[in-house]
Amino acid sequence: MSAFELEAVVAGYGGRAVLHGVSLSIAANGSLAVVGPNGSGKSTLMKTAVGLVRPTSGRVLLEGGDVTRLDAPGRARRGLGYVPQEANVFRNMSVRENLKIGLEFVPGRVRASFAQRLSAMLELFPELEPKLGTLAGHLSGGQRQMVAMAAALMPAPSFLALDEPSAGLSPRNAALLFEVIGRVARYGVTLLMIEQNTRLGLGAADEGLVLVSGEVKAKGPAAGLLDDPQMRSLYLGSR
Ligand SMILES: Nc1ncnc2c1ncn2[C@@H]1O[C@H](COP(=O)(O)OP(=O)(O)OP(=O)(O)O)[C@@H](O)[C@H]1O
């Protein structure tokens, strides 16, 4: 059984479809990077996955259960964690406070205490330990992304959605962040990300999906897509 699935999803805005029947599935603890040119519908796919856009037809399945009609908070209670592209941390609060809010955001999802979840997150993100008392707004962009991921993982979701993690980062910081994302992908959570930087996105995921004009142009092992010269020249650009 797939941990997450989109089944023939048609979705868009104000009656205009952006996604024209998109299907994908991610195995439990697997990872999928969705890449594609600007305007291909990646953000719309992400919003549909997390419950911010309702499909006009098709289904969204989380661990085999139909969540198509559930809103974003309802999906969070069912184990979906989401890291939006922007405004994903409270900048005027410390890293520790951000993690506390992350846990409290989905009440009753885990029995573990704050201390237990915090120590699990510091094992995954040891870089955050010396920063626990620092205001999130004083961190670098890459560090803030790490805090946002840790906060989303505090309630122990089974599925994590990352919206353009490299957005706004320098190439060097984006590369460092993707090392951390590779760690998250191996950590025991099912991962979906959309990413403009195709090399970084496909480099951190098991599977890749190339979205063009709201349709799936290719999907398969991420390494295979990265190595396919035709795919590179047609859809992936030089990045
Ligand atoms: N809130 C919205 N209302 C109306 N149209 C929208 C909205 N958001 C996106 N669109 C349109 O949907 C299409 C796909 O946009 P989307 O943002 O999903 O693509 P994308 O692949 O994420 O692009 P980018 O990489 O540039 O962010 C575009 O034509 C865009 O203008």
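Provided above is the structure to which this section pertains.
Only a predicted model underlies this, so the values are computations on that prediction, with no experimental measurement involved.

Novice: Give me the lowdown on unusual backbone geometry, citing residues and values where you can.
Specialist: The backbone phi angle of A8 is positive, close to 45 degrees, even though this residue is not glycine. The class for A8 is partly exposed, based on 13 C-beta atoms found within 10 Å.

Novice: Give me the sheet that holds strand β1 (residues 2-13): which residues, what numbers.
Specialist: Judged by pairing direction, the sheet is antiparallel, and its four strands sit side by side in the order β2-β1-β4-β5 without closing on themselves. Edge positions in the open sheet fall to β2 (16-27) and β5 (65-66), since each of these has one partner strand only. In this sheet, β2 lies alongside β1 in antiparallel orientation, the contact comprising nine bridges. Bridge pairing in β2 places L6 opposite L24.

Novice: Go over the packing of helix α5 (residues 141-153) against helix α6 (residues 171-185) with me, naming the residues and quoting the values.
Specialist: Direction vectors running N to C along α5 and α6 enclose 20 degrees, while the axes themselves pass 9 Å from each other. In terms of their interaxial angle, α5 and α6 are classed as roughly parallel. Where α5 crosses over α6, the handedness of that crossing is right-handed. Counting all contacts with α5, which are made through G141, G142, Q145, M146 and M149, the residues of α6 involved are N173, L176, L177, V180 and V184.

Novice: How would you summarise the packing of helix α3 (residues 95-104) against helix α4 (residues 114-124) if you had to cite specific residues and measurements?
Specialist: Two measures define how a pair of helices packs: the angle their axes make with one another and the distance between the axes. Two elements in contact, α3 and α4, have axes whose closest approach is 11 Å; the angle formed by their N-to-C orientations is 115 degrees. Relative to α4, α3 is oriented so that their crossing is right-handed. Of the residues in α4, those in contact with L99, K100 and L103 of α3 are F114, R117, L118 and M121. In terms of residue class, the contact of α3 with α4 is made up of five nonpolar, no polar and two charged.

Novice: Can you break down the site of the ligand residue by residue, with the values?
Specialist: Contacts to the ligand come from Y13, V18, G36, N38, G39, S40, G41, K42, S43, T44 and Q196. Among the elements that take part in the shell around the ligand, helix α1 (residues 42-50) stands out by supplying three residues, more than any other. Class assignment of the residues belonging to the shell around the ligand gives a composition of two nonpolar, eight polar and one charged.

Novice: Account for the nonpolar core, naming residues and giving values.
Specialist: Counting 71 residues, the largest nonpolar core has A33, V147, A150 and A161 as the members making the most contacts within it. In this structure A150 touches L99, M121, F125 and L128, once residues within four positions along its chain are discounted.

Novice: Help me get a handle on the sheet that holds strand β3 (residues 31-35), residues and values and all.
Specialist: With respect to topology, six strands assemble into an open sheet ordered β6-β7-β8-β3-β9-β10, the strand pairing being mixed. Here the strands that pair on one side only, and so sit at the sheet edges, are β6 (80-83) and β10 (215-221). The mean angle between the axes of side-by-side strands here comes to 15 degrees, regardless of whether they run parallel or antiparallel. As judged from the four bridges shared by β3 and strand β8 (residues 190-194), these two strands associate in the parallel manner. Looking across to β8, one finds that A33 is bridged to M193. Running over the sheet, α5 touches β6 and β7 (159-163) and is turned about 165 degrees from β6.

Novice: Give me the lowdown on the pairing of β7, citing residues and values where you can.
Specialist: Extensive coverage of β7 is indicated by the burial of five of its five residues. Judged by which residues are buried, β7 turns out to be covered on both faces: F159, A161 and D163 on one side and L160 and L162 on the other are all buried. Summarising the sheet, β7 and β8 pair through five bridges and their orientation is parallel. Bridge assignment links F159 to a residue of β8, and that residue is T190. At this point the chain moves from β7, through α6, to the parallel β8, and the crossover so formed is right-handed.

Novice: Please set out the environment of R77 residue by residue, giving values where relevant.
Specialist: Mapped onto the elements, R77 comes out in helix α2 (residues 72-77). Measuring from C-alpha to C-alpha, the distance between R77 and V216 comes to 29 Å, with 139 residues separating the pair along the chain. In this structure, R77 is in contact with V106 and R109, ignoring residues within four places of it in sequence.

Novice: Explain α6 to me, using residue names and the numbers behind them.
Specialist: Within an α-helix, residues lying three or four positions from one another point in the same direction, as the helix has 3.6 residues per turn. Here α6 contains 15 residues, and its C-alpha end-to-end distance of 20 Å stays within 8% of the 21 Å for a straight helix at 1.5 Å per residue. Where α6 is concerned, the buried positions are A174, L177, F178, V180, I181, V184 and A185. Buried residues along α6 cover an arc of 160 degrees about the axis, so they all sit on one side. Seen from the buried face of α6, the exposed residues on the opposite side, beyond 90 degrees, are R172 and E179. Residues of α6 that are buried make contact with β3, α5, β8 and α7 (198-204).

What counts and what doesn't
Residues numbered from 1 in each chain as written. Predicted model: local features only at pLDDT ≥ 70, side-chain atom pairs only at ≥ 80, totals over all residues. Buried ≥ 20, exposed ≤ 12 C-beta atoms within 10 Å, placed from the backbone. Pairing = 2+ DSSP bridges. Helix = DSSP H or I, 4+ residues; strand = E, 2+ residues; numbered from the N terminus. Axes fitted to C-alpha atoms, helices over the stretch in contact; angles between N-to-C directions. Parallel < 35°, antiparallel > 145°, perpendicular 65-115°, else oblique. Left-handed = near helix turned anticlockwise from the far one by under 90°. Contact = placed C-beta atoms within 7 Å. Nonpolar A, V, L, I, M, F, W, Y, C, P; charged D, E, K, R; others polar. Near = placed C-beta within 6 Å. Core = buried A, V, L, I, M, F, W, Y, C linked by C-beta atoms within 7 Å. Right-handed = clockwise from strand over helix to strand, strands pointing away. Expected span 1.5 Å × (residues − 1). Arc of directions from axis to C-beta.

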